[in-house]
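Breakdown of the fold
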Amino acid sequence: MKNALTVIKQMIIVGVLAALCCAGLLLVSSLIPQDIVETNARESAKYFKEHMLFDNQIGTQDDTKRDNYADSITSCIAWHLGNKEAIEAAPNRSNPFIRILEARYTQEDGENVNIGFDRAMNENASANQTYSRYWHGGAALVRLLYPTFSVTEMRSLFLLLGMALTVFWIVYLVVRKEYPLAIAYGIGAIAVKLVFAYTCFEYTFVLMLTPIISFLVYLTYDTEPGLLPKPENERKKKLSPESIFLLAGILTCFFDFLTAETLTFTLPAFVMLAQLQKATNKPYTIRREGETVVVPWKKLFNAALAWFAGYAGMFALKWILVLIVLGKEEFMTAMTVAAERSIGEVHQTLNMASPTVGVFTRIKLILLRNFACLFSLPNSLSEIQVALILAGIICVIGLLWFFLRKKPDKEKGKKTNVFFPLYLAVALLPVIRFFVLSNHAYQHYFFTYRALMATVAVLVYVFIQTTVLSQLLNPPRQNPRRTRRGAR
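Computed from a prediction, not measured in an experiment: that's the story for all the values here. (Residues numbered from 1 in each chain as written. Predicted model: local features only at pLDDT ≥ 70, side-chain atom pairs only at ≥ 80, totals over all residues. Heavy atoms only, no water.)

**Side note on a nonpolar patch on the surface**
A contiguous nonpolar patch, built from Leu5, Ile8, Ile12, Ile13, Val16, Leu17 and Leu20 and spanning about 670 Å² of accessible area, is present on the exposed surface. Considering the arrangement of structural elements, one finds Ile13 in helix α1 (residues 2-30). Judged by relative accessible area, which is 43%, Ile13 ranks as partly exposed. (Patch = residues over 30% accessible without salt bridge, like charges linked within 9 Å, V, L, I, M, F, W, Y side chains within 5 Å. Areas by Shrake-Rupley, 256 points an atom, 1.4 Å probe, with all protein chains shown as cover. Salt bridge = Lys/Arg side-chain N within 4 Å of Asp/Glu carboxyl O. Helix = DSSP H or I, 4+ residues; strand = E, 2+ residues; numbered from the N terminus. Buried < 20%, exposed > 50% of the residue type's maximum accessible area, 1.4 Å probe, protein only.)

And the structure:
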């Protein structure tokens, strides 16, 4: 009970500080004078005006599609965060807290957002649209970079930073001889084409957070040879796993534009499970001298609950502030659009004039489109062709596993697959997310598929550990107790 209270206290402190820092980042960005950011903001508006709203970076590959539509909105919001000029709908623009909550941008009826951004920069067009349901932490960061970088330069910066974080995390795992984890994460990164994702503001933030959170979780659970959760007396000055997942949820809500947000939970949770599995052959209890019982199922549940508390709590905070400061009408608008992402109607094509589809077709196309992007299938293929290719890939992987599988270790009743249900839960979470936010996953499959990075990583890891590859990639470890006695 004492440990639980300590963790709860730490989570409250972490949550409050994180929320204050996020709000502070928005406030600081809004106080930057317009004349300092104007040059690069104008250059960015020119770039978006000259480019398509949605462009495939490789031919007919939807999996490389860059969302200039969302980035135009983010860039325009970043400009208007410091725009104090009053308009009829917003007479209190001099108040930075109003500007932060409203998150205004420019777009007239029937006008593309890139044209609206261009008019805002070159015709002093007013910020007539609000986007209050998100925090738009990405827009705050863009504005902070405007004095030095234009949109193209920022994208190059994020590409370098994102790839550096990904490579560092994988190399770190290799140095720690965590070869299966390194391979699983690397294949997952390749499958979702991270190199293309980092060149788009909308995608980049959650993908940069993921290796950072995974690294922090690994440090929490790693011990020299035993790989058990560290004793409480060694973790007093460090964040608990629950606090890390809470922080991940808060930062994801603040920075992400509803893309592949579950990655900041699923991949760190996968790392946590892999570490716990090395400590026991049972997914239910782990005992260590002088410590309380650790239950992997409970640890996974607590991590999920902490992440969701941070993510949902941060959204709730924004919406409550919108209700109090901006009024009921703005609040209801935010709620209506948020609900549409889950249960809103979807159309046969991206053309809103096309017929709507039923539940079965919606589910079918969500799966086909998202998995087609995962396996880099061109958008020129028909639904039947995609289904046959996906079925063929599953069969090949299944046959490969069948011939490479290793026999269960029956020594002392040991089983090697008892953690499989936990891994399966993590692997299926992105698919569940597709169904919960079905409208969003149907329309924006070209980036929601990246949530499947966790599914790929988990399945690759399980494949390695249940086949003869595990004998090659898992170096022998010393007995932790023997090592400690020897040290004494």
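**Notes on the side chain of Arg155**
Considering the arrangement of structural elements, one finds Arg155 in helix α7 (residues 151-175). Among the polar contacts listed, one links the side chain of Arg155 to the side chain of Asp71, at a separation of 2.7 Å. (Polar contact = N/O pair within 3.5 Å; in protein donor to acceptor, adjacent residues only side chain to side chain.)

**Quick notes on the pattern of salt bridges**
Tallying each qualifying case throughout the model produces 14 salt bridges. Lys49 serves as the salt-bridge partner of Asp118, at 3.5 Å between the closest nitrogen and oxygen. Taken as a pair, Asp118 in helix α5 (residues 113-122) and Lys49 in helix α2 (residues 34-50) lie far apart in primary sequence, 69 residues in all. Note that Lys364 and Glu383 form a salt bridge whose closest N and O atoms lie 3.1 Å from each other. Taken together, the residues Lys364 in helix α16 (residues 359-374) and Glu383 in helix α17 (residues 383-404) connect sequence positions 19 residues apart. Given a relative accessible area of 30%, Lys364 falls into the partly exposed group.

**What about the packing of aromatic side chains?**
A complete count under the given rule lists 35 aromatic pairs for this structure. Members of the aromatic cluster, each reached through a chain of ring pairs, are Tyr105, Tyr131, Tyr134, Phe245, Phe257, Phe265, Trp307, Tyr311, Phe315 and Trp319. Its guanidinium or amino end placed over the ring of Trp135, Lys318 lies 5.4 Å from that ring's centre, counting from NZ or CZ. Residue placement shows Arg369 over the ring face of Tyr442; its charged tip is 4.6 Å from the ring centre. (Phe/Tyr/Trp six-rings, centres within 6.5 Å; stacked < 30°, edge-to-face > 60°. Lys NZ or Arg CZ within 6 Å of the ring centre and 35° of its normal.)

**A short note on the packing of helix α10 (residues 201-221) against helix α13 (residues 263-277)**
For the pair α10 and α13, the least separation of the axes is 8 Å and the interaxial angle reads 25°. When the axis of α10 is compared with that of α13, the two are roughly parallel. When you trace α10 past α13, the crossing you get is right-handed. Along its contact with α10, which presents Val206, Leu207, Leu209, Thr210, Ile213, Ser214, Val217, Tyr218 and Tyr221, the element α13 presents Leu263, Thr264, Leu267, Pro268, Val271, Met272, Gln275 and Leu276. The class makeup of the residues in the contact of α10 with α13 is 13 nonpolar, 4 polar and no charged. (Axes fitted to C-alpha atoms, helices over the stretch in contact; angles between N-to-C directions. Parallel < 35°, antiparallel > 145°, perpendicular 65-115°, else oblique. Left-handed = near helix turned anticlockwise from the far one by under 90°. Contact = heavy atoms within 4.5 Å. Nonpolar A, V, L, I, M, F, W, Y, C, P; charged D, E, K, R; others polar.)

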